[in-house]
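Working through the structure, step by step
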Amino acid sequence: MTVENRLLDKADWYFEKTVNNYLHSYQLQEEALTQNDVREIYRWAANHIGFFLTWLIQQDAKETLSPDEETACQSVKDEQTLGVDYLLDWCDGKLETMDIKEEFQAFVNDYYEHQYMDDYSEFVINDLDDLPLEFLGSWEDYHLFAPIIDDAYADYLAGIRFH
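Nothing here was measured: the structure is a model prediction, and the numbers come from that model. (Residues numbered from 1 in each chain as written. Predicted model: local features only at pLDDT ≥ 70, side-chain atom pairs only at ≥ 80, totals over all residues. Heavy atoms only, no water.)

**Quick word on the overall build of the chain**
- For the chain, the helix and strand inventory stands at six helices and two strands.
- Scaling as 2.2 N^0.38, a compact globule of 163 residues should have a C-alpha radius of gyration of about 15 Å, and the chain matches this with 16 Å.
- Counting over 163 residues, the chain shows a buried share of 48%.
- Across the chain, the fraction of contacts at a sequence separation of at least 24, relative to all contacts at a separation of at least 6, is 71%.
- Counting only carbon and sulfur atoms, one obtains 45% of the accessible surface of the chain, whose full area is about 8600 Å².
- Taking the average location of the 10 positive side-chain charges in the chain and that of its 36 negative ones, the two points are 5 Å from each other. (Helix = DSSP H or I, 4+ residues; strand = E, 2+ residues; numbered from the N terminus. Rg over C-alpha atoms; globule rule 2.2 N^0.38 Å. Buried < 20%, exposed > 50% of the residue type's maximum accessible area, 1.4 Å probe, protein only. Contact = heavy atoms within 4.5 Å. Areas by Shrake-Rupley, 256 points an atom, 1.4 Å probe, with all protein chains shown as cover. Lys, Arg positive; Asp, Glu negative; His and termini not counted. Charge placed at Lys NZ, Arg CZ, Asp CG, Glu CD.)

Below, the structure is given as structure tokens:
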């Protein structure tokens, strides 16, 4: 089943709120932000997308367009590169259905749109004792969270829908 390309999520949508969180966390003024600060803010803003993209890459569900991108995906699989950095460097901070292999698109459209942010937010608040858009997840955090996506995918394959 082919699903038309849709923009599912984008780091830019969370940037302004994340700037405020970052400034507050580090007691900075906006005019004092460096390029490194802006990159880190984008990493915070896109962390939730990066976790999901990491899961997709781990499942071989990510479409790649070039050998260089294949190498970058392998770096995520090998846990040398965080998914959020892959997202920012290779996907322009966006998660779109065209980036996902066809057999995973229906699951992604259903789960990501209707349940993923609830699952992610609950995990960050309850398991990490943090707040979304206020931290950068680690590989350890991802490994704690990935089973939640695994369970959602298993439920989807069993016929459960999230809307």
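Moving on from the coordinates now.
**Digging into the packing of aromatic side chains**
- Scanning all chains against the criterion turns up 27 aromatic pairs.
- Between Trp-55 and Phe-104, the aromatic rings sit 6.4 Å apart at their centres with planes inclined by 80°, giving edge-to-face as the arrangement. Highlighted residues: Trp-55 in helix H2 (residues 35-58) and Phe-104 in helix H5 (residues 102-126), separated in sequence by 49 residues.
- One Lys or Arg, Arg-161, reaches over the ring of Tyr-156 and ends 3.7 Å from the middle of that ring. (Phe/Tyr/Trp six-rings, centres within 6.5 Å; stacked < 30°, edge-to-face > 60°. Lys NZ or Arg CZ within 6 Å of the ring centre and 35° of its normal.)

**Observations concerning unusual backbone geometry**
- Within the chain, Gln-27 stands out as a residue other than glycine whose phi angle is a positive 50°.
- What makes Gln-27 exposed here is its relative accessible area of 65%.
- At Asp-60, a position not held by glycine, the phi torsion is positive, near 60°.
- On the basis of relative accessible area, Asp-60 is assigned to the partly exposed category, the value being 39%.

**Details of the environment of Leu-23**
- By secondary structure assignment, the location of Leu-23 is in helix H1 (residues 12-26).
- In the structure, Leu-23 is positioned 18 residues away from Ile-41 in sequence and 9.5 Å away in space, judged by C-alpha atoms.
- Aside from chain neighbours lying at most four places away, what touches Leu-23 is Leu-28, Gln-29, Glu-30 and Leu-33.

**Let's talk about empty space enclosed by the protein**
- Across all of its chains, the model carries one cavity of 30 Å³ or more by this definition.
- The computed volume of the largest cavity comes to approximately 60 Å³.
- Where the lining of the largest cavity is concerned, the elements lending two or more residues are H2, helix H4 (83-90) and helix H6 (139-157).
- Taken together, the residues of the lining of the largest cavity break down into five nonpolar, six polar and no charged. (1 Å grid on protein atoms, 1.4 Å probe; cavity = no way out; pocket = protein on both sides within 12 Å on 5 of 7 lines; lining within 4 Å. Points joined across faces, edges and corners; volume = space filled by probe spheres on them. Nonpolar A, V, L, I, M, F, W, Y, C, P; charged D, E, K, R; others polar.)

**Let's talk about the packing of helix H3 (residues 67-77) against H4**
- Interaxial distance between H3 and H4 falls to 9 Å at its minimum, and their mutual angle equals 160°. Viewed along their axes, H3 and H4 adopt a mutual orientation that is roughly antiparallel. Note that H3 runs across H4; the crossing there is right-handed. Taking contact as the criterion, the partners of Asp-68, Glu-69, Ala-72, Cys-73 and Val-76 in H3 are, on H4, Gly-83, Tyr-86 and Trp-90.
- Its residues assigned to classes, the contact of H3 with H4 comprises five nonpolar, one polar and two charged. (Axes fitted to C-alpha atoms, helices over the stretch in contact; angles between N-to-C directions. Parallel < 35°, antiparallel > 145°, perpendicular 65-115°, else oblique. Left-handed = near helix turned anticlockwise from the far one by under 90°.)

**Examining H4**
- For H4, a buried count of six out of eight residues is recorded, marking the element as mostly surrounded by other parts of the structure.
- Turning to H4, its buried residues are Gly-83, Val-84, Asp-85, Tyr-86, Leu-87 and Leu-88.
- Those residues of H4 that are buried lie in contact with H2, H3 and strand S2 (94-96).

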